[in-house]
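Listed below, chain by chain, are the residues.
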Amino acid sequence: MRPDYQIERRRAVNDRALRADARDNRAKVLTAARSAFEELGPEANLREIARRAGVAQGTVHRHFPTKQALFSAIAVDRLKELAELARALDTQEPPGTAFLAFVSKTVEQARQNRSLAAVFAGAGSDSAVQTAEQEMSTALETLLAQAQADGTIRDDIDLADVHAITAALLAVDAYPASSDTDRSRRITVVLDGLRPRRS
C-alpha cells in the first residue's frame, strides 16, 4: 500500500470523526439550550447552556455565533417535530381523530414548554425557519383536508382558523386558577366546535 494512500485514508477517517464529533456537540448544545430556555426563559445565557451541554463556551459560539442563531435552530427543530407528529398521526389514526389529536398534543406540549414561545418570537423569519414552518403547515393541512373529506371536521375551517383556534386554546389553558380538569373540559368544548353541525 502506498504511503500517500495511507496518509489520505487516515485523513479521511479523522475528518469523519471530527464531523461526527461536531454533530454530537451541536445536538448536545441544542438539547441543553432547550432545557435552559424552558426553565429560565430566553434570558438563559450561553455560559449556562455550555455548562448543561458539557462543552466549552467557545463550542457553543462556534455552532451558534449569536443567540438569534440558537433561537432559530430551536424553532426549526420544534417545527420539524410537529411535522413528524402530524405525519405519524396520519398513519396511526382515523382522519378526524388524527387531526384533533394533533391540535390537543400541540396545546399540551406548548403548555409544558410555555417559555419557548419567547424563543420562537426571537427566532425571526430566516429561511430555515420559514422552510420548517412550511413543512409543518403542509403536514397539518393534509390532516385537516383528510378529516374534512371524511366528514369529521367542518368543511368551512381553513389553516388560518386552525392556527387561531390553537392560539385561543393556549389562552384558555393559561387561564388563572384552572385545574387540569377545567383545562381539559374547556379544550374539549373548543375542539367539539370543529365538528360538523348536527342536523
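Residues numbered from 1 in each chain as written. Predicted model: local features only at pLDDT ≥ 70, side-chain atom pairs only at ≥ 80, totals over all residues. Heavy atoms only, no water.

Please set out the overall build of the protein residue by residue, giving values where relevant.
A tally of regular secondary structure across the protein gives nine helices and zero strands. Along the protein, helices (α) and strands (β) appear in the sequence α-α-α-α-α-α-α-α-α when read from the amino end. Residues classed as buried in the protein amount to 35% of the 199 residues present. When the accessible surface of the protein is summed, it comes to about 11,700 Å², and 52% of that surface belongs to carbon and sulfur atoms. (Helix = DSSP H or I, 4+ residues; strand = E, 2+ residues; numbered from the N terminus. Buried < 20%, exposed > 50% of the residue type's maximum accessible area, 1.4 Å probe, protein only. Areas by Shrake-Rupley, 256 points an atom, 1.4 Å probe, with all protein chains shown as cover.)

Tell me about the packing of helix α4 (residues 67-92) against helix α7 (residues 127-149), residues and numbers included.
The interhelical angle for the contact between α4 and α7, taken along N-to-C directions, is 20 degrees, at an axis separation of 8 Å. It follows from the interaxial angle that α4 and α7 lie roughly parallel. Remark: the crossing between α4 and α7 carries left-handed chirality. Contact residues: Ser72, Ala75, Val76, Leu79, Lys80, Leu82, Ala83, Ala86, Arg87 and Asp90 in α4; Ala128, Val129, Ala132, Glu133, Glu135, Met136, Ala139, Leu140, Thr142, Leu143 and Gln146 in α7. Of the residues that constitute the contact of α4 with α7, the class distribution is 13 nonpolar, three polar and five charged. (Axes fitted to C-alpha atoms, helices over the stretch in contact; angles between N-to-C directions. Parallel < 35°, antiparallel > 145°, perpendicular 65-115°, else oblique. Left-handed = near helix turned anticlockwise from the far one by under 90°. Contact = heavy atoms within 4.5 Å. Nonpolar A, V, L, I, M, F, W, Y, C, P; charged D, E, K, R; others polar.)

So what's going on with the packing of aromatic side chains? Which residues, and what values?
All chains considered together, the criterion is met by one aromatic pair. With a centroid separation of 5.2 Å and 65 degrees between ring planes, the pair formed by Phe37 and Phe71 is classed as edge-to-face. With Phe37 in helix α1 (residues 3-40) and Phe71 in helix α4, the pair connects residues that are 34 residues apart, well separated along the chain. (Phe/Tyr/Trp six-rings, centres within 6.5 Å; stacked < 30°, edge-to-face > 60°.)

An account of the environment of Arg78 is requested, with residue identities and associated values reported.
Among the structural elements, Arg78 can be located in helix α4. When its relative accessible area of 8% is taken as the criterion, Arg78 is described as buried. When the C-alpha positions of Arg78 and Glu133 are compared, they lie 9.7 Å apart, and in sequence the two are 55 residues distant.

How would you summarise helix α9 (residues 180-192) if you had to cite specific residues and measurements?
Here α9 spans 18 Å end to end across 13 residues, near enough to the 18 Å set by a 1.5 Å rise per residue. Taken residue by residue, α9 has Arg183, Ile187 and Leu191 as its buried positions. Down the axis of α9, the buried side of the element spans an arc of 65 degrees, and every buried residue falls inside it. Exposed and oriented more than 90 degrees from the buried face of α9 are Thr181 and Val189. (Expected span 1.5 Å × (residues − 1). Arc of directions from axis to C-beta.)

Please give an account of the nonpolar core that cites residues and values.
By size, the foremost hydrophobic cluster in this structure holds 31 residues, and its most contacted members are Phe99 and Phe102. Mapped by element, the contributors of at least two residues to this core are α4, α5 (95-112), α7, α8 (159-173) and α9. Apart from residues lying up to four places away in sequence, Phe99 is in contact with Leu140, Leu143, Leu144, Ala147, Ile153, Val162 and Leu194. (Core = buried A, V, L, I, M, F, W, Y, C linked by side-chain atoms within 4.5 Å.)

Give a description of the pattern of salt bridges that names residues and reports values.
Under the criterion given, the structure shown has 11 salt bridges. Residue Glu38 pairs with Arg34 through a salt bridge whose shortest N-O separation is 3.9 Å. Here Arg34 and Glu38 lie together in helix α1, a separation of four residues that amounts to about one turn. Its relative accessible area of 16% is what places Arg34 among the buried residues. Between Glu81 and Arg34 there is a salt bridge, with the nearest N and O atoms lying 2.8 Å from each other. Taken together, the positions of Glu81 in helix α4 and Arg34 in helix α1 put the pair 47 residues apart, joining distant regions of the chain. (Salt bridge = Lys/Arg side-chain N within 4 Å of Asp/Glu carboxyl O.)

How would you explain the environment of Phe71 if you had to name every residue and give the values?
The class of Phe71 is buried, set by a relative accessible area of 9%. Spatially, the C-alpha atom of Phe71 lies 9.6 Å from that of Phe37, the residues being 34 residues apart in sequence.

Honestly, it's all geometry; don't read function into it.
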